[in-house]
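Each chain is listed here by its residues.
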Amino acid sequence: QRHSSDDDNCNRWHRCRLVYTHGNSTLVDAKLTSTRHRMPNVLNGVELVGKSLPMAKMLEYKAIVMLEGNDVASGLKWALLSQSVVLMPPP
């Protein structure tokens, strides 16, 4: 039985892929609040896990990225009511 590497697992999990890809970006501040033990907290020097931001802090950003999980993105409703541009892939 072949086990996938952490890199492969991260690339298949769209939330992790976003954080990993933009880990050193000055434009995107993206972190996971938990990997649920699916992944290390740091992958190849990129910090995947960070503190959860309060909604007031998130509302200071010009754009908010929303990614679906098993259902509609849970924060989508408040993000659409914010003054921020909501970015998300097609459902």
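In the block above lies the structure referred to throughout.
The shown structure was predicted, so the numbers you read here are calculated from the model rather than taken from an experiment. (Residues numbered from 1 in each chain as written. Predicted model: local features only at pLDDT ≥ 70, side-chain atom pairs only at ≥ 80, totals over all residues. Heavy atoms only, no water.)

Caption draft 1: Layout of the pattern of salt bridges. Tallied over the full model, the rule gives one salt bridge. Between glutamate 60 and lysine 57 there is a salt bridge, with the nearest N and O atoms lying 3.3 Å from each other. (Salt bridge = Lys/Arg side-chain N within 4 Å of Asp/Glu carboxyl O.)

Caption draft 2: Inspection of unusual backbone geometry at higher detail. Its identity is not glycine, yet histidine 37 carries a phi of approximately 65 degrees, on the positive side. Note on placement: histidine 37 falls in the loop between helix H2 (14-21) and strand S1 (42-43). In this model, asparagine 44 sits at a positive phi of 50 degrees, which is unusual for a non-glycine residue. Within the secondary structure layout, asparagine 44 lies in the loop between S1 and strand S2 (46-47). Here asparagine 44 falls in the exposed class, since its relative accessible area comes to 54%. (Helix = DSSP H or I, 4+ residues; strand = E, 2+ residues; numbered from the N terminus. Buried < 20%, exposed > 50% of the residue type's maximum accessible area, 1.4 Å probe, protein only.)

Caption draft 3: View of the environment of tryptophan 13. Residue placement: tryptophan 13 occurs in the loop between helix H1 (6-12) and H2. Judged by relative accessible area, tryptophan 13 falls into the buried class, the value being 17%. A C-alpha to C-alpha distance of 10.0 Å links tryptophan 13 and arginine 38, two positions 25 residues apart in sequence.

Caption draft 4: A look at the side chain of serine 82. Topologically, serine 82 is positioned in the loop between helix H4 (76-81) and strand S4 (85-87). Residue class for serine 82 comes out buried when judged on its relative accessible area of 13%. Among the polar contacts listed, one links the side chain of serine 82 to the backbone nitrogen of serine 84, at a separation of 3.1 Å. If we ignore the near neighbours within four places in the chain, the residues touching serine 82 are Leu59 and Ile64. (Polar contact = N/O pair within 3.5 Å; in protein donor to acceptor, adjacent residues only side chain to side chain. Contact = heavy atoms within 4.5 Å.)

Caption draft 5: Just a nonpolar patch on the surface, in detail. Side chains of Val65, Val85 and Leu87 sit close together on the surface and give an oily, nonpolar patch of about 250 Å² of accessible area. Among the secondary structure elements, leucine 87 is positioned in strand S4. Leucine 87 gets classed as partly exposed once you look at its relative accessible area, which sits at 43%. (Patch = residues over 30% accessible without salt bridge, like charges linked within 9 Å, V, L, I, M, F, W, Y side chains within 5 Å. Areas by Shrake-Rupley, 256 points an atom, 1.4 Å probe, with all protein chains shown as cover.)

Caption draft 6: Quick look at the side chain of serine 84. Secondary-structure assignment places serine 84 in the loop between H4 and S4. Its relative accessible area of 10% is what places serine 84 among the buried residues. At a separation of 2.6 Å, a polar atom in the side chain of serine 84 contacts the main-chain carbonyl oxygen of tyrosine 61. Sequence-distant contacts of serine 84, defined by excluding residues within four places in its chain, comprise Leu59, Tyr61, Lys62, Ala63, Ile64 and Ala79.

Caption draft 7: Representation of the environment of methionine 88 in the model. If you trace the backbone, methionine 88 turns up in the segment after S4. Those residues in contact with methionine 88 that sit more than four places away from it in its chain are Met66, Glu68 and Leu76.

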